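Fold and contact review
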Amino acid sequence: MVTVIEKIVRQIMARASFSPLAISRATDAVIDTYGAILAGANESPVKALQRAFSDQINEDHPSSIVGGLRAPVSLAALVNGTAAHSLDFDDNFHPARAHASAVLVPALLAVAGGDRSITGRNFLSAYLAGLEAQAAVGFGVNPSHYNAGWHATSTVGCIGAAAGVAILLRATETEVAHAMSIAVSLSCGLKGQFGTMVKPVHAGVAARNAVEAALMAKAGLEARLDILEGRQGFLELSGGEDAKGWKDLVLASEHVIETRGLVTKRHPCCGSTHRAIDALLELKKRYDLDIADIRGIDTQVGISAQRNLAYADPKDEMEARFSMQYCLATAFIHGKLGLSDFTPEAAVRLELRDLMSRISMTAYTPEQEKGVERLPHRVTVITCDGRHISVERLHAKGAIEAPLDEADREYKFRDCLSWANISGHQIPSWQSLSDLQHTECVAAALPFPR
């Protein structure tokens, strides 16, 4: 009998080509993640990792890391993956309930650093394979796995990314399958770490583990290929109470990036806040609301979103990214959220506290969520004259249903460079990055300047 892993691997390796839409969306995701990595270079989790492994960071190693340094392949994936996720400005991928690109792009770049023959097309093909593998793994366990408290970026993300890395390493079908199985045993990450420095490290650990799983498989290490669905496997131990398994998994002819896409983040904070932020900003504009008009703001979100947003009164910038109260108050008062709103000083601004105290959050019930992949987030503003005005959002700005245009994407990328104090002449032009599929050496096309 064909195992789930074998079914996934046969599908992703059978794709001889990708549509222009798939290549375009993959390119956008890689550039967006590259910007997030550059922006995260000076964040405290990244600096801590560089100090922890300083004896391994030197010019003798093949892979580049943020700050213009070089490191072994596994360490490069760890550091750059952490940088990608440090500001929570990297994309979301709903089929996996993961920050897919923050794992995939650093893992693939780490490998590409040691092989100058890897082209942009090779890279994008491996990215798309890893993304499809993440979606397929996530199908069998989410949202139950995620709701149980697992950070799927570091679990599902690791398993799927291992397939993409193995393909970039030119592995056989059997080796790709074993890479995924090995990665199941390396997958880890608890949502209880949200709001701490460890949360972004989850993406780095997943990228590192994906690389190491692929390298071990290429070297001949073998593992059980039914480890997703088999006894004492991933589904049984980590699936959560309502995981459905892979019996009904259908791998479509269209790639998942075409049908589901990714969500490019508009705001540098937990994605669980984004639909509510967009809804509140719409209400503010539509009704010309001022802070003096607001008696209260009620939000209704999914169960997992409520659990993610654990900090009603954040004490630092890490907690602020996981605070509905902070994010909504900041967005309402300033009209937007930017990277400068998530610094140690900004997170404790007294002028936000009064409005924060008027913001409440409730979740749907388990019965309402049962059997439904996504429910809309609702924001209701109660005005001082007694009106209740509401709006719902099923998709955040940045999803394929409400996409950012190219100008929005370039503005975000430039904002990331500005945050990292990187000038435009230190990296390739926006036009060059957008033509990534035609580059002859992807490592040269995506450098990490000092």
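Preceding block: the structure.
Let us look at the structure shown here. (Residues numbered from 1 in each chain as written. Predicted model: local features only at pLDDT ≥ 70, side-chain atom pairs only at ≥ 80, totals over all residues. Heavy atoms only, no water.)

This next bit is on the overall build of the protein chain. Per the secondary structure count, the protein chain includes 21 helices and six strands. Against the 2.2 N^0.38 benchmark of 22 Å for 450 residues, the protein chain shows a C-alpha radius of gyration of 21 Å, consistent with a compact globule. Counting only C-alpha atoms, the protein chain reaches 70 × 50 × 40 Å along its principal axes. Relative to its 450 residues, the protein chain shows a buried fraction of 59%. Here the protein chain displays about 17600 Å² of accessible surface, and carbon together with sulfur accounts for 52% of that area. Mean positive and mean negative side-chain charge positions of the protein chain (44 and 51 charges, respectively) differ by 1 Å. (Helix = DSSP H or I, 4+ residues; strand = E, 2+ residues; numbered from the N terminus. Rg over C-alpha atoms; globule rule 2.2 N^0.38 Å. Buried < 20%, exposed > 50% of the residue type's maximum accessible area, 1.4 Å probe, protein only. Areas by Shrake-Rupley, 256 points an atom, 1.4 Å probe, with all protein chains shown as cover. Lys, Arg positive; Asp, Glu negative; His and termini not counted. Charge placed at Lys NZ, Arg CZ, Asp CG, Glu CD.)

Another point: the pattern of salt bridges. Scanning the model with the defined rule gives 21 salt bridges in all. Linking glutamate 373 and arginine 260 is a salt bridge whose minimum nitrogen-to-oxygen distance equals 2.9 Å. Here glutamate 373, found in the loop between helix H18 (366–369) and strand E5 (377–383), pairs with arginine 260, found in the loop between helix H12 (256–259) and helix H13 (274–287); they are 113 residues apart in sequence, far enough to count as distant. Arginine 414 is the salt-bridge partner of glutamate 410, the closest N and O atoms lying 3.6 Å from each other. A residue pair is termed a helical-turn pair when its members lie 3 or 4 positions apart in one helix, as glutamate 410 and arginine 414 do in helix H19 (residues 406–419) at four residues. Looking at glutamate 410, the relative accessible area reads 26%, which means it is partly exposed. Via salt bridges that share partners, Asp88, Lys199 and Lys265 belong to a single interconnected network. (Salt bridge = Lys/Arg side-chain N within 4 Å of Asp/Glu carboxyl O.)

Further remarks concern the sheet that holds E5. Read from one edge to the other, the open sheet built from four strands follows the order E4-E3-E5-E6, with strand pairing classed as mixed. This sheet does not close on itself; its edge strands, each paired only once, are strand E4 (359–363) and strand E6 (388–393). The sheet shows a mean angle of 15 degrees between the axes of neighbouring strands, taken without regard to direction. Bridge count for strand E3 (residues 294–301) against E4 is five bridges, and the pairing is parallel. In the sheet register, threonine 299 faces E4, and the bridge partner there is methionine 361. Its contacts with the sheet put H13 on E3, E5 and E6, and the angle it makes with E6 is roughly 135 degrees. (Pairing = 2+ DSSP bridges. Axes fitted to C-alpha atoms, helices over the stretch in contact; angles between N-to-C directions. Contact = heavy atoms within 4.5 Å.)

Any functional reading would require information beyond the geometric quantities listed.
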